[in-house]
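Geometric and topological summary
The primary structure of each chain is shown beneath.
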Amino acid sequence: MPDKTLDSIRLGLIWQRLNGIVDQVSETFIRAAFSTVVRENYDMAFSLLDVRGRQFAQSKRSIPSFIGTLPRTLAAVLKKFPLKTFKPGDVIITNDAWIGTGHLNDISMICPIFVNGRLIAFAGSTAHTVDIGGAPSPTAQDCFEEGLCIPICKIVEQGAEIPLVIDFLTENLRAPDETLGDIRAQFAAYHDCQQKLAHVLEDECLNDLEDVIEEIISRSSKSMRDVIASLPDGRYCDEFQVDGFDVPLTIKCAVTIKGDTIDVDFAGSSAQIDRPINCVLNYTYAYSCFALKCLLDPEVPNNSGAFETVTVRAPEGSLFNAARPAPVWGRHLTGHYAPPAIFGALSQILPGKVIAESGSPLWNVYFKGHQEKDGAPFIKMFFMNGGHGAQSANDGPGCLSFPSNVSNQPVELFENQAPLLITEKCFVPDTAGAGKFRGGDAQRISFRSNASTPITMTIRHERITYPPRGLLGGGNGAPGKDLINGETIPAKSRQVLEPGDLATFQMPGGGGLHDARERPKGAVSRDIKRGLLSPEQAHLSYGYDHE
Amino acid sequence: MSDAMSGYRIGVDIGGTFTDVVLWNIANARTEKTKLLTTPDEPSRAVMEGVRQILSDNNVAPREVDAVIHGTTLVANALIERKGVKTGLITTRGFKDVLEIGREWRYDLFNLDIELPTPIVDRPDRHEITERVDSDGNILTPIELSELDQISESLAAAGIESVGVCLLHAYRNASHESAIRDYLAKTAPTLSVSLSSDVSPEMGEYERSSTTVANAYIHPIFKTYVDLLVDGLSALGCEKDLLLVLSDGRTVRQDTATQFPIRLVQSGPAAGAQAASIYGAMSNEGNGTAPAAEDATWVHRMFNSVLWQTPGGDFSPLISALVSVGDSSRYTWDSTGEMVADVQGWIDDPSTNFGWLILGNETTSRTTKRFDSKESPTAGNRPTLTIIYEFPAEN
């Protein structure tokens, strides 16, 4: 019989195995998924949570907001379905924006994992679905316009799908095969997860994972609290303007450190508006925790323990804590500002750790129309990332997702699925924020309609008026641009692409870090040689003149 | 697959420190081995020396060697250490940054200082050509081959020795890539050219570009290395094929390997994993799922809380081999198709390896037999199992 004491070595082995399992299981999900959004963009997350609702492991391919909201979703599920009511083979579903990730397009599910008749953990997963019915648009005025809300309910009971729930989904969605295909791929992943966890328990002669989870969570908790305690107590603030909808909006953030606690307060930010850029507190919480974890204690395993002394607040009815029935479809247009606001505030005490602002909130575009071959309707989404902010000791990478972690999809795959031709996907010169460490270069992507019928195109983009900020003396990145046939279009709008029309998107460049005059001449001349810095801009930003 | 039950095979692995050479006598299933210091300046030198040594030590003539099988980490090391040749890229107009933009995904979620690998081809050496093929393989814009003259000039000026060509949808219609290869063969005959439609004809422009460029980057050095090895073996008198292990564990002949060295990027580790699976199948321990001390007794199935359904063990009713034996003696069974299938199954999925049971006819005392186990004090009485392993051939 193996030794049952949980020393560091055995804990490490079991812990690595749990991480391995959650990554393997998320691959099961990705490979079995039907949608491009999951298979190529990885707009999903898979986590393991304990019977108390605490997250203890998550897949590497995860969207940071989802791993942050899943514990809160489980907490809401447990209020409706007490622990003792779960049976093996149950799966709970919801996409309620205030319980899940902040908009209806993310469907979250929770599956109790039983081994030898004992509930040992929950598998939780979230996946983005391109369509959730309704008429989500940049002008939606409440969440009811934005599609079908699935209340917390069982979609599978003891291994049998509930036909009523499946029927509701089938009747309300535009692409039910794709969405249900993704949902069932997650059922397969839960099954896989159950078997693998049972295997671990059998190998390790354990009845449950409680001691292991307790140890992992308490270590992450202690580590985070130690880091916070090492920071000087105080209240650190940041405030800036963002594009908003009709008028600019204010983002205000105060981070208060006291002993081993951190309070993040978004009071003073604009009130919620009747346009779909409002953010629910779940999402605000998730991205605040993510930002703090990245900045303060990135090496230690991420789990609920790390946030035991973290509080996140925003007045109800404000941008960061929207109240029902606010429209929230584009909640990332606010939520993705939480990390830069926190970094801006803490740059005063952690100047060697923060990164400058990235070309986010995440950009994407929806195309809706009809296929040329058979006239079948299609709805496709394309994700695009701007330049990453300058890093603490390096230039920002060009076009890397932050704070989200959504991958692009291959041009070749997209062209196979929609009657559009992508004519360019390239870096744009003179878009990186100047600095000792410059920001990441922005990219430009152009789509030409090859359809013989009009295509509806929907965009909701930020950073057109207010570009990504440089930090600690670094310059701003270039703002983004949206064009049709070379003419500027509103960044939050629904447009019609006539046959042959060309839509062009230029994402924002990343902000720079520290004074541009500290940048080594060699680095400037290299940027010129690479064709991403014009000699004129080199002169303006860096005072560099080629001899 | 060879049915030869005689002759010799040589296995060679070149590591960062040591070069190992193994000689396998197929007839008696014995292996001999030798170990030399790797000669990094010219890796084939240690291989030749090792082969010469092991043949002479064992009095084996070079012509008796049926095959030399080689797993190598050379390709992986050249990529990791960035010791390939200066490489360029030719791609569809509008897409030269695909190689650097990648998939826009952070592999390390919480690391603000995440570092992405530097592309093998830097921006000034990535060239665009006017052409376009659509997702059905239709040519939308014919290729402007004359642009290659300017591109060749830039490549030559930059000292580029090898170029990868990756055009959009070339996995569907390779004609534009082929036209580039043919044109460059005439105008730049010394340039090594790798086409994405040959190296990795799959959808996904970033992955295909990256793989094609990596192939181009190591192609010239790997070809030189394999040519030296083949010449050296030939000079020793080993005229048979050199087989190289691919990343998936299969083997290819030298000509394919030198054309697509990127397929050998995991060659050494794959060969190691294959060997480990064979050792696992042949080992005394490791039977079945999750072995632990004190398992597989006559009473307990796994842990001491789990019993066999039938005392003495649960076993499959299927019989893999059936033989009649006579009086007390040492018996040798020939293999059967079922036994080969059993062993293959254990290698494919080690958790199914519960071994064989030798079951006598115990209905009467007259037919009862007793066999020694591996613990027998008389070594000669211990059972032995000989497995002849064939490398899977390339598809």
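Residues numbered from 1 in each chain as written. Chains lettered and ligands numbered in written order. Predicted model: local features only at pLDDT ≥ 70, side-chain atom pairs only at ≥ 80, totals over all residues. Heavy atoms only, no water.

**Structural notes on the packing of helix α1 (residues 8–32) of chain A against helix α5 (residues 176–204) of chain A**
Two numbers describe a pair of packed helices, the interaxial angle and the distance between the axes. All names here are of chain A. The condition that has to hold: Only the stretch in contact is used when fitting a helix axis, every axis being a line fitted to C-alpha atoms; angles between N-to-C directions are given from 0 to 180 degrees. Segments assigned H or I by DSSP are reported as helices when at least four residues long, segments assigned E as strands when at least two residues long, and all are numbered from the N terminus. Note on angle classes: values under 35 degrees are labelled roughly parallel, values over 145 roughly antiparallel, values of 65 to 115 roughly perpendicular, and the remainder oblique. The crossing is said to be left-handed when, going from far helix to near helix, the turn is anticlockwise and less than a right angle, and right-handed when the turn is clockwise. By the convention adopted, Pro, Cys, Tyr, Trp, Phe, Met, Ile, Leu, Val and Ala count as nonpolar, Lys, Arg, Asp and Glu as charged, and the other residues, Gly among them, as polar.
For the pair α1 and α5, the least separation of the axes is 8 Å and the interaxial angle reads 160°. Here α1 is positioned roughly antiparallel relative to α5, judged by the angle of their axes. As for the relative orientation of α1 and α5, their crossing is right-handed in sense. Each residue belonging to the contact of α1 with α5 can be placed in one class, and the counts come to twelve nonpolar, five polar and seven charged.

**A closer look at unusual backbone geometry**
Trans peptide bonds make up most of the peptide bonds, and negative phi angles are found at most residues other than glycine. All names here are of chain A. At the junction of S360 and P361, the peptide bond is cis and its omega measures out at 10° in the coordinates. The omega angle of the peptide bond from F402 to P403 is 5°, so this bond is cis rather than trans. We note that C399 has phi near 55°; this positive angle belongs to a residue other than glycine. The residue C399 is located in the loop between β13 (377–384) and α10 (411–417) in this model. For L472, which is not glycine, the phi dihedral falls at a positive 55°. Relative to the assigned elements, L472 resides in the loop between β16 (455–460) and β17 (481–484).

**Here we look at the pattern of salt bridges**
Residues and elements named next belong to chain A. Stated formally: Salt bridge, as applied in this entry: a Lys or Arg side-chain nitrogen positioned within 4 Å of an Asp or Glu carboxyl oxygen. We call a residue buried when its accessible area falls under 20% of the maximum for its residue type, exposed when it is over 50%, and partly exposed in between, using a 1.4 Å probe and counting protein chains only.
Inspection of every chain in the model, using the stated rule, returns 59 salt bridges over all chains. Here D395 makes a salt bridge to R438, at a shortest N to O gap of 3.7 Å. Placement of the pair is D395 in the loop between β13 and α10 and R438 in the loop between β14 (420–428) and β15 (442–449), with a sequence separation of 43 residues. Residue R438 is classed as buried on the basis of its relative accessible area, which comes to 8%.

**What about helix α9 (residues 338–346) of chain A?**
All names here are of chain A. Operational definition: By definition in these notes, contact holds between two residues if any of their heavy atoms fall within 4.5 Å.
Buried residues dominate α9, accounting for nine of its nine residues. Among the residues making up α9, those that are buried are A338, P339, P340, A341, I342, F343, G344, A345 and L346. Tucked inside the fold, the buried residues of α9 contact β8 (234–242), β9 (249–258), β10 (261–265), α7 (281–296) and α8 (332–335).

**What about the state of the cysteines?**
Worth spelling out the cut-off: Throughout, a disulfide means two cysteine sulfur atoms within 2.5 Å of one another.
By the definition in use, this model includes zero disulfides over all chains. You can see C253 of chain A has no disulfide; the closest cysteine sulfur is in C237 of chain A, sitting 7.8 Å from it.

**Digging into the sheet that holds strand β18 (residues 487–488) of chain A**
Residues and elements named next belong to chain A. Just so we agree on the cut-off: By this definition, two strands are paired if DSSP reports at least two bridges between them.
Taken in spatial order, the five strands make up an open sheet running β14-β15-β20-β17-β18, and their pairing is antiparallel. Every other strand in the sheet has two partners, leaving β14 and β18 as the edge strands with one partner each. By the bridge criterion, two bridges tie β17 to β18 in an arrangement that is antiparallel. Bridging across to β18, I484 finds its partner in E487.

**Here we look at the packing of aromatic side chains**
Applied cut-off: Any Phe, Tyr or Trp ring, taking Trp's six-membered ring, that has another such ring centre within 6.5 Å forms a pair; planes under 30 degrees apart are called stacked, those over 60 apart edge-to-face, and the others tilted.
Within the structure shown, the criterion is met by 19 aromatic pairs over all chains. Arranged with centres 5.3 Å apart and planes meeting at 70°, the rings of F86 of chain A and F122 of chain A form a pair that is edge-to-face. Of this pair, F86 of chain A sits in the loop between α3 (64–80) and β3 (91–94) while F122 of chain A sits in strand β5 (residues 118–128), and the two are 36 residues apart along the sequence. Among the residues examined, F122 of chain A registers a relative accessible area of 0% and is labelled buried. Aromatic side chains F290 of chain A and F110 of chain B sit 5.6 Å apart centroid to centroid with 50° between the ring planes, which places their arrangement in the tilted category. Here F290 of chain A, found in helix α7, pairs with F110 of chain B, found in the loop between α3 (98–101) and β6 (126–129), and the two come from separate chains.

**Thoughts on the domain arrangement of chain A**
Residues and elements named next belong to chain A. What counts, and what does not: Domain delimitation in this document rests on an assignment produced automatically or drawn from a domain database. A 1.4 Å probe defines the accessible area here, and the buried area is the portion of it lost by two parts on being joined, summed over both. We call two N or O atoms a polar contact when they sit within 3.5 Å, provided that within protein one can donate a hydrogen and the other can accept it, with sequence-adjacent residues counted only if both atoms are side-chain atoms.
For chain A, the assigned domains are domain 1 (8–208), domain 2 (230–354) and domain 3 (355–547). Taking only C-alpha atoms into account, the centre of domain 2 sits 24 Å from that of domain 3. If you look at the interface, domain 2 gives 27 residues, while domain 3 gives 24 residues. Overall, the association of domain 2 and domain 3 removes approximately 2,200 Å² of surface from exposure, summing both partners, and the carbon and sulfur fraction of that is 62%. Linking domain 2 to domain 3 there are one salt bridge. R469 is the partner of D238 in a salt bridge, and the nearest nitrogen-oxygen pair spans 2.8 Å. Across the domain 2-domain 3 interface, the total number found is twelve residue pairs in polar contact (both at pLDDT 80 or more). Of all the elements in the fold, those that place two or more residues in the side of domain 2 that touches domain 3 are β8, α7, α8 and α9.

**Details of the sheet that holds strand β19 (residues 492–497) of chain A**
Residue and element names in this part refer to chain A. If you trace the four strands from one edge of the open sheet to the other, you get β13-β12-β16-β19, paired in antiparallel fashion. Only two strands of the sheet have a single neighbouring strand rather than two, namely β13 and β19. With direction set aside, neighbouring strand axes in the sheet form an average angle of 15°. Two strands pair when backbone bridges link them, and strand β12 (residues 363–370) and β13 are joined in this way by eight bridges, in the antiparallel orientation. Bridge pairing in β13 places W363 opposite M384.

**Some remarks on α7 of chain A**
As a reminder of what qualifies: The length a helix should cover is 1.5 Å for every residue beyond the first.
Taking 1.5 Å per residue, 16 residues should reach 22 Å; α7 of chain A reaches 22 Å between its end C-alpha atoms and fits that length. Across the 16 residues of α7 of chain A, 15 count as buried, placing the element largely inside the fold.

**What about the interface of chain B and chain A?**
Between chain B and chain A, the contact holds 42 residues from the first and 60 residues from the second. Interface area, chain B with chain A, both sides summed: about 4,300 Å², of which 53% is carbon and sulfur. Of all residues in chain B, E104, F110 and L112 of chain B give up the largest surface area on contact with chain A, accounting jointly for 20% of the area buried on that side. Counting every contact that joins chain B to chain A gives eight salt bridges.

**Looking at the environment of L362 of chain A**
All names here are of chain A. In this fold, L362 is placed in the loop between α9 and β12. Overall, L362 belongs to the buried group, its relative accessible area being 7%. Residues L362 and G509, 147 residues apart in the sequence, show an inter-C-alpha distance of 12 Å.

**Focus on the pairing of β16 of chain A**
All names here are of chain A. Most of β16 sits out of view: five of its six residues are buried. Note that β12 and β16 share four bridges and pair antiparallel. Residue pairing for β16: F367 is matched across the bridge by M457.

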